[in-house]
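So you can see what is in the structure, the chains are spelled out below.
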Amino acid sequence: MSRIKDVRGRQVWDSRGWPTVEVEVTLDTGAVGRGIAPAGASRGAHEAVELRDGGALLGGKGVRTALAGIERDIAPALVGLPVSDQARIDRTLIDLDGTPNRSRLGGNAVVATSMAALNAAAADAGLPLWRHLAEGRPVRLPLPQIQIFGGGAHAGRRIDIQDLMVIATGAGSFGQALEMTAEVYHSAGRIMAGRGLLQGVADEGGWWPAFDTNEEALDTLVRAIEGAGLVPGEDVCIALDIAASEFGRNGRYRLGLEGVEYDSDGLCAVLLDWLDRYPIVSIEDPLAEDDETGLVAFTRAAGTRVQIVGDDYLVTDARRVEAAAAKGACNAVLLKPNQAGTITETQDALAAAKAAGFNTIVSARSGETEDAIIVHLSTGWNAGQLKVGSFARSERMAKWNEAIRIESAGLPFFGRSALQRPTRST
Ligand SMILES: O=C(O)[C@@H](CO)OP(=O)(O)O
Ligand SMILES: [Mg+2]
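So, how was this worked out
Residues numbered from 1 in each chain as written. Chains lettered and ligands numbered in written order. Predicted model: local features only at pLDDT ≥ 70, side-chain atom pairs only at ≥ 80, totals over all residues. Heavy atoms only, no water. Helix = DSSP H or I, 4+ residues; strand = E, 2+ residues; numbered from the N terminus. Rg over C-alpha atoms; globule rule 2.2 N^0.38 Å. Buried < 20%, exposed > 50% of the residue type's maximum accessible area, 1.4 Å probe, protein only. Contact = heavy atoms within 4.5 Å. Expected span 1.5 Å × (residues − 1). Donors = N, O, S within 2.8 Å, 3.2 Å for Na, K, Ca; no water.

### Overview of the overall build of the chain
When its secondary structure is counted, the chain shows 13 helices and 14 strands. Taking 426 residues into account, the globule formula puts the C-alpha radius of gyration at 22 Å, and the chain, at 21 Å, falls close to it. Counting only C-alpha atoms and orienting by the principal axes, one finds that the chain spans roughly 60 × 45 × 45 Å. When each of the 426 residues of the chain is scored for burial, the buried share is 61%. Looking at the chain alone, contacts between residues at least 24 apart form 70% of all its contacts between residues at least 6 apart.

This is how it looks when you write it as structure tokens:
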């Protein structure tokens, strides 16, 4: 049985130029696994928190404290553990931290360690991670959600909607989904250039949203799909992350771009109108994380028509997924390992979602690196969907290109079937 021999942390850098934590786990067999913690900007109130300090930069976003905890607490506790027992490794990390939100050791230190251990186990087995996770079960490549325009907290709140994404529902393979998305991405760029609105890209690589209204962004996305020679609603559909917690609290929502304030019912009405007028198949965090009544009402009104994804609201937490399913709020969950804290907790949230008949979407964060573990998690866990941000920044392309490599192994593709709700597995 291969055991952990060494655990080392180091500071590396993310796509926004902030320091983050990389962990390297070495086994007694010589196998090595690495993991790098990503970082969110629009974070849920209940997610695992990163440990930051005043070091490293004038901005005071250093990770010295997280690295010190890896050396002082994490490494001695993990050395000697069998690497095949991910649940035990993660339980050790959770107990060692001892807080509900990983604030002592830091969610960044904990998740990078958990990821590194998992990668070491796959390396030790001589398997690509997705295959190691699939354990012989048949799995398919996920349907990608890819950002065309950024917004919200990822674009200086230039528009209120955070992610305007496309899903290539007409694609027959992962590679074809990327080709169709590339056409839409470049078509959108041409439209923006033609209108004199091309101003670079937002945090995840989607075009900078130089729009006067949120609807102008939606209209432009539809034009971009058409401009790519594709049929909106057939070949390519729209997925939105409203990230409503960023502009709404206590049932009040202020759309800064239009300068209007809505109550929960009012915002629901706006979104339902969009669902009628645009080819939207998925909508994430349509209402704020503290507005459960609104989420239940919206799910009742639209849950049979579209995928309603809980991100800030569910924070990759199995208990919260179960509670949301019981109440009828959302019908899908976004799964972010650094929101949950560890790989095991992420997998628990996925299992709870599948048991509840929810769709599952493994997701990157807005601050990313070349680490492509989420592609392997979504494939090996047969999650159905993958959200990575845009199409044109290397920290995103590292993931999409990894999926293409996995597809070369002959794996089938979920395609649009990933958007159909599974039957409850319990
Ligand atoms: O809200 C989200 O879904 C993610 C990715 O778009 O953003 P962040 O990592 O900033 O939370
Ligand atoms: Mg989100």
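### What to know about the side chain of Ser114
Structurally, Ser114 can be placed in helix α3 (residues 107-125). For Ser114, a relative accessible area of 0% corresponds to the buried category.

### Details of the environment of Gly98
One can find Gly98 in the loop between α2 (86-97) and α3. A residue is classified by how much of its surface remains accessible, and Gly98, at 59% relative accessible area, is exposed. When the C-alpha atoms of Gly98 and Ala239 are compared, they prove to be 37 Å apart, with 141 residues separating the residues in sequence.

### As for helix α5 (residues 174-194)
Every α-helical turn comprises 3.6 residues, leaving residues that sit three or four positions apart pointing alike. With 21 residues, α5 ought to run about 30 Å at 1.5 Å a step, and its terminal C-alpha atoms sit 30 Å apart, in line with that. Following α5 by one or two positions, Gly196 adopts a phi angle in the positive range, close to 70°.

### Some thoughts on the coordination of the magnesium ion (ligand 2)
In a perfect tetrahedron of four donors around a metal, the angles come out at 109.5 degrees. In a perfect octahedron of six, they are 90 or 180 degrees. The coordination sphere of the magnesium ion (ligand 2), as far as protein atoms go, consists of Asp241 (OD), Glu284 (OE) and Asp311 (OD), spread over 2.0 to 2.2 Å. Here the donor residues for the magnesium ion (ligand 2) map to a single chain with the spacing D-x42-E-x26-D. Here Glu284 lies in strand β10 (residues 280-284) and Asp241 lies in strand β6 (residues 237-241), a separation of 43 residues in the sequence. The exposure class of Glu284 is buried, given its relative accessible area of 1%.

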